[in-house]
Amino acid sequence: MNKQSFNAAWHFTLGDSTDVWKAPAESDLREVELPHDWSPELPRSPGNPSRAAGGFFANGTGWYLKTFDAPESWQGKQVFVEFEGVYMNAEVWLNEHLLYRHPYGYTTFQVDLTPRLNIGKPNTLKVRVDNSAQLNSRWYSGSGIYRPVWLMVAEPLHIDHWGVFVTTPSVSAASAGVRIQTALVNATDKAQDVTLRTYVYDPDGQVVATLEKHLTIEAGARAESAQNIHVPQPRLWSPETPALYKVESSLMDGNKVLDQAITPFGIRSLSFDAEQGLLLNGQPIKLKGGCVHHDNGVLGSVSFPRAEERKVEVLKASGFNAIRCAHNPPAPAMLDACDRLGMLVMDEAFDCWRIGKNAYDYHTVFEDWWQRDLDSMVLRDRNHPSIILWSIGNEVMERDGRSDGVGIARRLAERVRALDSSRPVTGAICSTWDGLRVWNDTDPVFAALDVGGYNYQWQQYEADHARHPQRMMIGTESFPKEAFENWQAVLDHSYVLGDFVWTSLDYLGESGIGRVRFDEEIKDFLGRYPWHQANCGDLDICGFKRPQSYYRDILWNPVAPQYIAVHPPMPEGKTPDVSAWGWPDVWPNWNHVGREGQIFKIDVYSSCDEVELLLNDQSMGRKPASKANKYLVSFEVNYEPGELKAVGYIQGAQTQEATLSTTGPATSLRLTPDRDALRAEPGDLSYVTVEIIDAAGRVLPNADRTLNFHLSGPGEIAAVGSPDPISAEDYRGNTRTTHRGRALVVVKTSGKPGTLRLKAEGEGLPKAEVEILVG
């Protein structure tokens, strides 16, 4: 199919007014470019029906409208529009005809426009998006056509949508067997003789195999073809070497190309075994995993390819080798990035089955839609070498067998295997919440899975292994505070394949689930307004590392640097309580003017045998650290400004040193773009880190100042934000208050070449500027 972006020149209005039908071009519709999430454009409020679960963002109903011409060249062809993701309850209309309804907000769907298309005339496509029924999610969902849209034009004789499936059933260093299954569609009223020509390209773009197959496809029928090739000395895909091959499939009528499809794939083998663990290309690997929600932090749920790519980049830079897509199929662009960058993926379908967790969540349509949505996930994603596991659900209420839970688990798992038998099926199972059943009641649902997913249940590993020695296990969710215990269980047991922390990257919604609570708030599961970030990520909502990420560095890599984390002074008479998903509210901050002589607790994360802490070169003591003390040692120190130094010793010899100093006064702003050259196409992004620094270039950890930003050139400020989980500021606009000395500005291109100039200014600081080249 000819596939082209269909993101430009849409018009949008919030609300469900019939005026949209009467006068679709009136001024109450503003032009937008997709992808688009309207929720961050509206004020957050404690009265919004999304409540703490949805981050107190507004939702509602909106209409999108696009007028386009259907050229005469489309006559006799099939025309489709593909929506990668619409949240939620989408209705698609063409020229006043309702064509399709799609309730689930996370699966990709295709709509056939052909029967209602006016060839040679303008056509009006309208999409109604209804996110008004709340609550329908346990986290921030966003609202709108938040992922890209594509127009597809095909000959009546074409390669089916998601019709190419590539597997590598045999893999060795010497040779790989590659199987290519291709589905072809004949929408004509006559049988057709065609040729399927297939080229396989290696990562350097060189042809390594050519195949041809002649087929006859009956009128109105769908046919499938299987082709097998051998690739000598293949370059194997792995997190360290993410080599990508490519299949070019051409459907030919003589010398005429009727259709063409390009399918990237990777050559790699997977083996799952309770005794040997997970083998990738014959080598053992443990999953250093993190759960990831679909939103893109300060952008909301809007899904630009660069936003998805950066998400993978920052996680990989922090040591993760695996992502669990919680709790729904992710954006295709994220999977593309995982393929390119080398990140393993657990692709997950649902957060609930028949029994819901909220009044208006997926359980309302599960019976009618589960197979279509499961098919969408598997058929769309099965060529990605990064995906190693399919998950059919998260903490579903039927996990203990109630409401035909065992039967549902079997049907879903069997459906996945029917579409793709090359990967195992898992599901994330936690304890039973109501106390009416016990852990062992989950055994029948576990039996329907190939790999058992354990949410917060590392204590069950050994007992379950004794009862089910062939069961393979993964920690599909774990508490940050139990990082040591969870990772030690992974290292100690071959049948425990890895661990996925909740969560690797912070997200909007589930407000304050990872907060430090005080007094009356201790009984509240989620935080009260203005809490709106979860505050449980190893990385914060801007992608900056938090203290627990540095601790995990040491768990995963014994030679990782030591880290000094200072506990803040507690409010008078208050006793802190760190939530189950939280981490102590520590920070590398030795700026406490006015608190001289006050006792501060200091944690040092270290893999050394011992750690000595010095303040201004005076020893504050030497204590054991290492694995025996879970790589953490604490000191109490009377505050005085200057330098803290943690010296690490192994077998008595000094091996490491970390320092933390009191900074000087703020002198300037520092703007650091993650990319200073962008593509001249709509929606490319640069993430600009904004820091308040002293004369020595050190970030001021107490500097919370309001900054103003201005952008000139071919682009716009897409979002501003900070890691402050209780800020009441908007993520849209050009003003933001730094949090602990930092903020983030996301700059988006318009599609034209030129130079973007971002300027920042704040009271008492000189203006700062950075240039970003576009083109």
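Look up a bit, the structure's there.
Structure report, in brief. (Residues numbered from 1 in each chain as written. Predicted model: local features only at pLDDT ≥ 70, side-chain atom pairs only at ≥ 80, totals over all residues. Heavy atoms only, no water.)

Residues Ile323, Phe350, Trp353, Tyr362 and Leu412 are the most contacted members of the largest nonpolar core, which totals 105 residues. Considering every element that reaches this core, the biggest residue donor is helix H5 (residues 405–419), with seven residues. Ile323 has contacts with Gly290, Val292, Val312, Leu315, Met334, Cys338, Met343, Leu344, Val345, Met346 and Phe500, leaving out every residue within four places of it along the chain. In this structure, Ala90, Leu113, Leu125 and Ile145 belong to the second largest nonpolar core, which totals 28 residues. (Core = buried A, V, L, I, M, F, W, Y, C linked by side-chain atoms within 4.5 Å. Buried < 20%, exposed > 50% of the residue type's maximum accessible area, 1.4 Å probe, protein only. Helix = DSSP H or I, 4+ residues; strand = E, 2+ residues; numbered from the N terminus. Contact = heavy atoms within 4.5 Å.)

By volume, the largest pocket amounts to about 1400 Å³. Lining the largest pocket are 47 residues, and of these Lys3, Glu84, Trp150, Pro332 and Asp336 lie nearest its centre. For the lining of the largest pocket, the per-class residue count stands at 21 nonpolar, ten polar and 16 charged. Of the voids in this model, the second largest pocket is the one considered here, and its volume is about 940 Å³. Considering the residues around the second largest pocket, the lining is formed by 41 residues, among which Asp585, Asp724, Pro725, His739 and Arg740 are closest to the centre. (1 Å grid on protein atoms, 1.4 Å probe; cavity = no way out; pocket = protein on both sides within 12 Å on 5 of 7 lines; lining within 4 Å. Points joined across faces, edges and corners; volume = space filled by probe spheres on them. Nonpolar A, V, L, I, M, F, W, Y, C, P; charged D, E, K, R; others polar.)

If you walk across this open sheet you meet the four strands as E14-E13-E16-E17, and the pairing is antiparallel. Each of the sheet's edge strands pairs with one partner strand only, and the pair in question is strand E14 (207–217) and strand E17 (256–265). Geometrically, the sheet is characterised by an average inter-axis angle of 15° between neighbouring strands, direction not taken into account. With seven bridges connecting them, strand E13 (residues 192–201) and strand E16 (residues 245–253) associate as antiparallel partners. For Thr195, the partnering residue across the bridge sits in E16 and is Met252. (Pairing = 2+ DSSP bridges. Axes fitted to C-alpha atoms, helices over the stretch in contact; angles between N-to-C directions.)

Moving on to the sheet that holds strand E32 (residues 599–605). With antiparallel pairing, the three strands of this open sheet are ordered in space as E30-E32-E35. Unpaired on one side and paired on the other, strand E30 (563–566) and strand E35 (632–638) mark the two borders of the sheet. On average, each strand axis in the sheet is inclined to that of its neighbour by 25°, with strand direction left out of account. Across seven bridges, the pairing between E32 and E35 is antiparallel. Note that in E35 the partner of Val604 across the bridge is Val633. Against the sheet, helix H9 (residues 547–556) touches E30 and E32, its axis set at about 40° to E32.

Attention now goes to the packing of helix H2 (residues 305–317) against helix H3 (residues 332–341). It is the contact of H2 with H3, at a shortest axis distance of 8 Å, that shows an interaxial angle of 45°. Accordingly, the angle class assigned to the pair H2 and H3 is oblique. As H2 runs across H3, the sense of the crossing is right-handed. Every residue of H3 that contacts H2 at Pro305, Glu308, Glu309, Lys311, Val312, Glu313 and Lys316 is listed here: Ala333, Met334, Ala337, Cys338, Arg340 and Leu341. Tallied by class, residues from the contact of H2 with H3 come to seven nonpolar, no polar and six charged. (Parallel < 35°, antiparallel > 145°, perpendicular 65-115°, else oblique. Left-handed = near helix turned anticlockwise from the far one by under 90°.)

With respect to the helices, strands and loops of the structure, Pro673 is situated in strand E38 (residues 668–673). For the pair Pro673 and Asp336, spaced 337 residues apart in sequence, the C-alpha to C-alpha distance is 23 Å. The residues contacting Pro673, other than those within four sequence positions of it, are Ser686, Tyr687, Val688, Val770 and Ile772.

The next point concerns the packing of helix H4 (residues 366–381) against H5. Their axes nearest at 10 Å, the elements H4 and H5 cross at an angle of 30°. With respect to each other, H4 and H5 are oriented roughly parallel. Considering only the axes of H4 and H5, their crossing is right-handed. In this structure, H4 uses Phe366, Trp370, Gln371, Leu374, Asp375, Val378 and Leu379 to contact H5, whose residues at the interface are Ile408, Arg411, Leu412, Arg415, Val416 and Leu419. A class-by-class count of the residues in the contact of H4 with H5 yields nine nonpolar, one polar and three charged.

Here the amide bond leading from Ala326 into His327 is cis, since omega sits at -15°, within 30 degrees of zero. Among the secondary structure elements, His327 is positioned in the loop between strand E22 (322–325) and H3. In this chain, Trp502 is followed by Thr503 through a cis amide linkage whose omega measures 5°. Summarising the element assignment, Thr503 is placed in the loop between strand E28 (496–501) and strand E29 (516–518). Backbone geometry places Asn95, a non-glycine residue, at a positive phi of 50°.

Below, the discussion takes up the pattern of salt bridges. This structure, assessed with the given rule, holds 50 salt bridges. Ionic pairing is found between Arg354 and Glu367, a salt bridge with its closest N-O pair at 2.7 Å. One end of the pair, Arg354, is in the loop between strand E23 (344–348) and H4; the other, Glu367, is in helix H4, and 13 residues separate them in sequence. Taking relative accessible area as the criterion, Arg354 reaches 37% and is therefore assigned partly exposed. (Salt bridge = Lys/Arg side-chain N within 4 Å of Asp/Glu carboxyl O.)

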